[in-house]
Amino acid sequence: EAQVTQNPRYLITVTGKKLTVTCSQNMNHEYMSWYRQDPGLGLRQIYYSMNVEVTDKGDVPEGYKVSRKEKRNFPLILESPSPNQTSLYFCASGYEQFFGPGTRLTVL
Amino acid sequence: AQSVTQPDIHITVSEGASLELRCNYSYGATPYLFWYVQSPGQGLQLLLKYFSGDTLVQGIKGFEAEFKRSQSSFNLRKPSVHWSDAAEYFCAVGPAASKLTFGTGTRLQVTL
């Protein structure tokens, strides 16, 4: 079954504690992307990757890092999370953007 | 820069009634246009997309959308709404599928 998986699905953490949200796809897509969703703002792109070792900033990259060492995985890294990064995060794969189930992150 | 406006934050329709969700965009050339649906607690699912060609696009679940260049619109329609269509709908536009800007969404409520 074609799918995009994200882990964890829910996370509560504290300011400054580094965290990684994983994203994995089994569709052999070259393109992957990360979004955050906030009420009243829709989805905003954080980073995207056109292929392995090729990443670029989206509209709201500040405070985030990504890596793309292999085609199937595209982790999102928050080196020093802050409360304004509390949000619902989605990973998407492929140019038609198959979305993962989301990760709800709360930073206290 | 591109932008997307979904003028209706919330719409309520009766089951069996027709539906039209509005999407207006700002972009200099013919953009890539998408409609997604998000059910509560779920990720987004692609309903349909337009890149070029026929301006009336058919999607899944009985939805269709029409690209109107003169009006910079890409409205989503369904002739008869089902209770299971209650969800949030997002329009997205971009110069490529890799650089989409999403609207703020329209929440659809269906009354029985």
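A short tour of the structure in this document, coming up. This structure is a prediction, so every number in the text was calculated from the model and none was measured. (Residues numbered from 1 in each chain as written. Chains lettered and ligands numbered in written order. Predicted model: local features only at pLDDT ≥ 70, side-chain atom pairs only at ≥ 80, totals over all residues. Heavy atoms only, no water.)

**Some points on the sheet that holds strand β8 (residues 76–78) of chain A**
Backbone hydrogen bonds hold the strands of a sheet together, and the pairing may be parallel or antiparallel.
All names here are of chain A.
Part 1 of the reasoning: Strand order across the open sheet formed by 4 strands is β1-β3-β8-β7, with antiparallel pairing between neighbours. Only two strands of the sheet have a single partner each, and these edge strands are β1 (4–7) and β7 (65–66).
Part 2 of the reasoning: Sheet analysis places β1 next to strand β3 (residues 19–25), joined by 4 bridges and oriented antiparallel. When the bridges of β3 are listed, T5 appears paired with S24. (Pairing = 2+ DSSP bridges. Helix = DSSP H or I, 4+ residues; strand = E, 2+ residues; numbered from the N terminus.)

**With respect to the nonpolar core**
Residues and elements named next belong to chain B.
Part 1 of the reasoning: If you look at the biggest cluster of nonpolar residues, it comprises 26 residues, and the most contacted ones within it are L19, W35, L47, L48, F74, L76 and Y89.
Part 2 of the reasoning: Within the residue set of this core, elements represented by two or more residues are β2 (10–14), β3 (19–21), β5 (32–38), β6 (44–50), β8 (64–68), β9 (73–78), β10 (87–94) and β12 (106–111).
Part 3 of the reasoning: Examining the composition of this core, we find that 4 residues originate from one element, β10, more than from any other.
Part 4 of the reasoning: Apart from the residues lying within four places of it in its own chain, the contact partners of L76 are L19, E20, L21, W35, L47, L48, F63, E64, A65 and Y89. (Core = buried A, V, L, I, M, F, W, Y, C linked by side-chain atoms within 4.5 Å. Buried < 20%, exposed > 50% of the residue type's maximum accessible area, 1.4 Å probe, protein only. Contact = heavy atoms within 4.5 Å.)

**Digging into the state of the cysteines**
Residue and element names in this part refer to chain B.
Part 1 of the reasoning: Under the counting rule described, the total for this entry stands at 2 disulfides over all chains.
Part 2 of the reasoning: The disulfide partner of C23 is C91, and the gap between their sulfur atoms is 1.9 Å. With the S-S dihedral at roughly -65 degrees, the linkage between C23 and C91 falls on the left-handed side. Linking C23 in the loop between β3 and β4 (24–26) with C91 in strand β10, this pair joins segments that are 68 residues apart in sequence.
Part 3 of the reasoning: Relative accessible area serves as the criterion here: at 0%, C91 is assigned to the buried category. (Disulfide = S-S within 2.5 Å.)

**Observations regarding the side chain of A:S33**
All names here are of chain A.
Part 1 of the reasoning: Looking at the element boundaries, S33 is found in strand β4 (residues 32–38).
Part 2 of the reasoning: Engagement of the side chain of S33 in a polar contact is seen with the backbone oxygen of Y47, the distance being 3.4 Å.
Part 3 of the reasoning: Not counting residues up to four positions away in its chain, the partners in contact with S33 are Q45, Y47, Y48, F74, F90, C91, A92 and Q97. (Polar contact = N/O pair within 3.5 Å; in protein donor to acceptor, adjacent residues only side chain to side chain.)

**What about the pattern of salt bridges?**
Part 1 of the reasoning: Counted by the stated rule, this structure contains 9 salt bridges over all chains.
Part 2 of the reasoning: Linking B:D85 and B:K78 is a salt bridge whose minimum nitrogen-to-oxygen distance equals 2.8 Å.
Part 3 of the reasoning: Note on B:K78: relative accessible area 10%, which makes it buried.
Part 4 of the reasoning: Look at the salt bridges and you will find they share partners, linking A:R36, A:D38 and A:R44 into a network. (Salt bridge = Lys/Arg side-chain N within 4 Å of Asp/Glu carboxyl O.)

**Looking at the interface of chain B and chain A**
The accessible area lost on association of the parts is a frequent measure of interface size.
Part 1 of the reasoning: Taken residue by residue, the interface counts 17 residues in chain B and 20 residues in chain A.
Part 2 of the reasoning: In total, chain B and chain A occlude about 1400 Å² of area from one another, counting both sides; carbon and sulfur atoms represent 52% of this.
Part 3 of the reasoning: Connecting chain B to chain A are 1 salt bridge.
Part 4 of the reasoning: Where A:E96 meets B:K49, a salt bridge forms, and the shortest distance between an N and an O atom there is 2.7 Å. (Buried area = accessible area lost by both parts, 1.4 Å probe.)

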